[in-house]
Amino acid sequence: MEIKNNTLFFVGIIVLILGFLIIVFDYPQIQYFENIDLKSYNLLVEEKKSVYQKLIIEFSIGIVILVIGSIVLMSSFLNRFENGIR
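Scoring rules and cut-offs
- Residues numbered from 1 in each chain as written.
- Predicted model: local features only at pLDDT ≥ 70, side-chain atom pairs only at ≥ 80, totals over all residues.
- Heavy atoms only, no water.
- Core = buried A, V, L, I, M, F, W, Y, C linked by side-chain atoms within 4.5 Å.
- Buried < 20%, exposed > 50% of the residue type's maximum accessible area, 1.4 Å probe, protein only.
- Helix = DSSP H or I, 4+ residues; strand = E, 2+ residues; numbered from the N terminus.
- Axes fitted to C-alpha atoms, helices over the stretch in contact; angles between N-to-C directions.
- Parallel < 35°, antiparallel > 145°, perpendicular 65-115°, else oblique.
- Left-handed = near helix turned anticlockwise from the far one by under 90°.
- Nonpolar A, V, L, I, M, F, W, Y, C, P; charged D, E, K, R; others polar.
- Patch = residues over 30% accessible without salt bridge, like charges linked within 9 Å, V, L, I, M, F, W, Y side chains within 5 Å.
- Areas by Shrake-Rupley, 256 points an atom, 1.4 Å probe, with all protein chains shown as cover.
- Salt bridge = Lys/Arg side-chain N within 4 Å of Asp/Glu carboxyl O.
- Phe/Tyr/Trp six-rings, centres within 6.5 Å; stacked < 30°, edge-to-face > 60°.
- Expected span 1.5 Å × (residues − 1).
- Bend = angle between axes of the 7 residues up to and from the residue.
- Contact = heavy atoms within 4.5 Å.

Asker: I would appreciate a short explanation of the nonpolar core in the present structure.
Answerer: A general trend in soluble globular proteins is that nonpolar side chains are found buried together. Counting residues in hydrophobic clusters, the biggest one holds six residues: Ile 23, Ile 30, Phe 33, Tyr 52, Leu 55 and Phe 59. Contributions of two or more residues to this core are made by helix 1 (6–35) and helix 3 (46–75).

Asker: Explain the packing of helix 1 against helix 3 here, please?
Answerer: Packed helix pairs are specified by the crossing angle of their axes together with the interaxial distance, meaning the distance between the axes. As a packed pair, helix 1 and helix 3 sit with axes 7 Å apart at the nearest point and diverge in direction by 155°. Taken as axis vectors, helix 1 and helix 3 run roughly antiparallel relative to one another. Every pair of crossing elements has a handedness; the one defined by helix 1 and helix 3 is left-handed. By residue class, the composition of the contact of helix 1 with helix 3 is 24 nonpolar, seven polar and four charged.

Asker: Help me understand a nonpolar patch on the surface, please; the structure alone is not making it clear to me.
Answerer: Judged by side-chain polarity, Ile 17, Phe 20, Leu 21, Val 24 and Phe 25 come together as a nonpolar surface patch covering roughly 490 Å² of accessible area. Tracing the chain through its elements places Val 24 in helix 1. Given a relative accessible area of 38%, Val 24 falls into the partly exposed group.

Asker: It is not clear to me how the packing of aromatic side chains should be interpreted in this structure. Could you clarify?
Answerer: To describe a pair of aromatic rings, you give the distance between the ring centres and the angle between the ring planes. For the structure on display, the rule yields four aromatic pairs. Ring centres of Phe 9 and Phe 10 lie 5.4 Å apart, and the angle between their planes is 70°; this geometry places the pair in the edge-to-face category. Overall, Phe 9 belongs to the buried group, its relative accessible area being 18%. Owing to a relative accessible area of 51%, Phe 10 belongs among the exposed residues under this scheme.

Asker: For this particular structure, what's the right way to read the environment of Ile 68?
Answerer: Among the structural elements, Ile 68 can be located in helix 3. On the basis of relative accessible area, Ile 68 is assigned to the partly exposed category, the value being 43%.

Asker: In this structure, what is going on with helix 1? I would like to understand it.
Answerer: Structurally, the α-helix is built with 3.6 residues per turn, so residues lying three or four positions apart point the same way. For helix 1, spanning 30 residues, the distance from its first C-alpha to its last is 44 Å, which sits close to the expected 44 Å at 1.5 Å a residue. Taking the largest bend as the criterion, helix 1 deviates by roughly 30°, centred on Asp 26, and proline Pro 28 comes between one and four positions later. The elements touched by buried residues of helix 1 are helix 3.

So this is what it looks like as structure tokens:
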């Protein structure tokens with residue numbers, strides 16, 4: 001495979017790494033909250049429950065960023081992006 005657009009390739013790599021890091025660092029925290037039994041979860045303060053909900057949203061955004069990075073990376077190999085989008 002030949003890289004047709006180097007800038008798009010490097011942007012794709014950076015976005016892919018960013019999405020991967022978000023997923024790697026959020027997943028253990030989400031697992032911690034999911035492994036708490038229901039009784040303990042109900043005793044948590046509302047702030048901690050909102051943290052869990054924010055982690056789920058951030059994890060979802062991380063997956064979307066990972067997918068976008070993959071798409072940008074693969075599109076850097078396409079011939080039609082050699083001189084920009086026409």
